[in-house]
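# Examination of the molecular architecture
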Amino acid sequence: MKNISFRIDEINVNIVLKYIKNIYIRVYPKNNLVKISAPMHTDPDYLRNLAYARVEWARKHCSRLRKQINKHGDLFTEGSTHYVWGRPFKLKLIVTDQAPSIKLSSETMILSIRQFMNSEKIRGILEKWYRTQIKEAAVSIVSKWEPFMGVKVKKLFVRKMKTKWGSCNYRDGNIRLNTDLAKMTPECLEYVVVHEMTHLLEPKHNRRFKALMDGFLPEWKKCRVKLNQFAYSTD
């Protein structure tokens, strides 16, 4: 890997040559940085000229993104905290010409967005990403517990819920989970999944239900106390 760094007025340019197939251009507004990643064989002079050709684009979008993240508050401000599986990550926003994506690196959540993307679309990217995290984790938990509990979950839905961590339609065999569970610890997600699956055996929150939960997850009440600190409940 080879690095070339220089400045164009107030814009910092970092060219990285590495073993990739395509050229990628990303903007980091916090540092007025344009990062160009390119294949090893690319002519450095070509990339320098590319940087000069795109400098107005970079300058415009550094300014635009800073205004946008400041306008919409802490959720999208550079350095704001977002939780994933109970761990805090500092948000880093970059503009790219590639498809929007989210990556976790050490203690950082890197959110790549397209130019001109508004706050609602950014929010949608985050929600979709959280939903994917829950779906993947919950499918494994359901598969783990189905043979042990002797039940079958017919459909698993994950969506943003306003008042509940999860819910169960015991007649249809379906359960629903809140995307915000991806911000809690894995133990909390497992508790909610098992809670809703237990409703397939006992629809009500009665003594039998609590006895079943005691048998499945002896520490389930600790997770319930933790989750009850937030404006959601289990059903």
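Residue numbers run consecutively from 1 along every chain, following the written order of its sequence. Only residues with pLDDT of 70 or above have their local features reported here, since the model is predicted, and side-chain atom pairs are shown and tallied only from 80 upward, although totals for entire chains, interfaces and linings are computed over all residues. No hydrogens and no water enter the side-chain calculation; it runs on all heavy atoms of the structure.

The next subject is helix H1 (residues 44–53). Burial classes: relative accessible area under 20% of the type maximum marks a residue as buried, over 50% as exposed, and values in between as partly exposed (1.4 Å probe, protein chains only). Only DSSP runs of H or I with at least four residues qualify as helices, and only runs of E with at least two residues qualify as strands; both kinds are numbered from the N terminus onward. Among all positions in H1, only Leu 47, Leu 50 and Ala 51 are buried. Projected down its long axis, H1 shows its buried positions confined to an angular sector of 100°, all on one face. Every exposed residue of H1 that faces more than 90 degrees away from the buried side is listed here: Asn 49 and Ala 53. As used in this structure description, the phrase polar contact means that two N or O atoms lie within 3.5 Å; if the pair is within protein, one of them must be able to donate a hydrogen and the other to accept it, and residues adjacent in sequence are counted only when both atoms belong to side chains. Where H1 begins, the side chain of Asp 43 points an oxygen toward the backbone nitrogen of Asp 45, at a separation of 3.0 Å. As used here, the arc is the angular range of directions from the helix axis to the C-beta atoms.

Moving on: the packing of aromatic side chains. Geometry of an aromatic ring pair is reported as the spacing of the ring centres plus the angle between the planes. In this scheme Phe, Tyr and Trp rings, the latter by its six-membered ring, pair at centre separations within 6.5 Å, and the angle between planes marks the pair as stacked below 30 degrees, edge-to-face above 60, and tilted otherwise. Per the counting criterion, the structure on display carries six aromatic pairs. Here the aromatic rings of Trp 129 and Tyr 130 are separated by 5.5 Å at their centres, their planes lie at 70°, and the arrangement is edge-to-face. Accessibility expressed as a relative area gives 3% for Tyr 130, which makes it buried. Between Tyr 191 and Trp 220, the aromatic rings sit 6.2 Å apart at their centres with planes inclined by 20°, giving stacked as the arrangement. Of the two residues, Tyr 191 is situated in helix H4 (residues 186–198) and Trp 220 in helix H6 (residues 220–227); the sequence distance between them amounts to 29 residues. Here the two residues Tyr 191 and Trp 220 agree in accessibility, since each one is buried. Feature note: the residues Trp 145, Phe 148 and Phe 216 constitute an aromatic cluster, connected by ring pairs. In this structure, Arg 176 packs its charged tip against the face of Phe 157, placed 4.5 Å from the ring centre. The criterion is that NZ of a Lys, or CZ of an Arg, lies within 6 Å of the ring centre and within 35 degrees of the ring normal, and then a charge sits over that ring.

Counting buried positions along strand E11 (residues 174–178) yields four of five residues, so the element is predominantly enclosed. Paired strands, as defined in this entry, are two strands with at least two bridges between them according to DSSP. Sheet topology note: the strand E9 (residues 155–159)/E11 ladder contains five bridges and is parallel. The partner of Arg 159 across the bridge, within E11, is Asn 178. Inspection of the sheet shows strand E10 (residues 164–169) paired to E11 by four bridges, in the antiparallel sense. In the strand pairing of E11, Gly 166 is matched with Leu 177. Hairpin connection of E10 to E11: four residues between the antiparallel strands, including Gly 173 at a positive phi of 80°.

Below, the discussion takes up the environment of Tyr 83. Relative to the helices and strands, Tyr 83 resides in strand E5 (residues 81–84). Between the C-alpha atoms of Tyr 83 and Met 184, which are 101 residues apart in sequence, the distance is 7.4 Å. In this structure Tyr 83 touches Pro 88, Tyr 130, Ala 182 and Lys 183, once residues within four positions along its chain are discounted. Working rule for contacts: check all heavy atoms of both residues, and any pair within 4.5 Å makes them a contact.

It is worth spelling out unusual backbone geometry at this point. For Asp 9, which is not glycine, the phi dihedral falls at a positive 60°. Topologically, Asp 9 is positioned in the loop between strand E1 (2–8) and strand E2 (11–18). Judged by relative accessible area, Asp 9 falls into the exposed class, the value being 60%.

This part is about the environment of Met 213. Counting through the fold element by element, Met 213 comes out in helix H5 (residues 207–216). For Met 213 and Tyr 191, which are 22 residues apart along the polypeptide, the C-alpha to C-alpha distance reads 9.2 Å.

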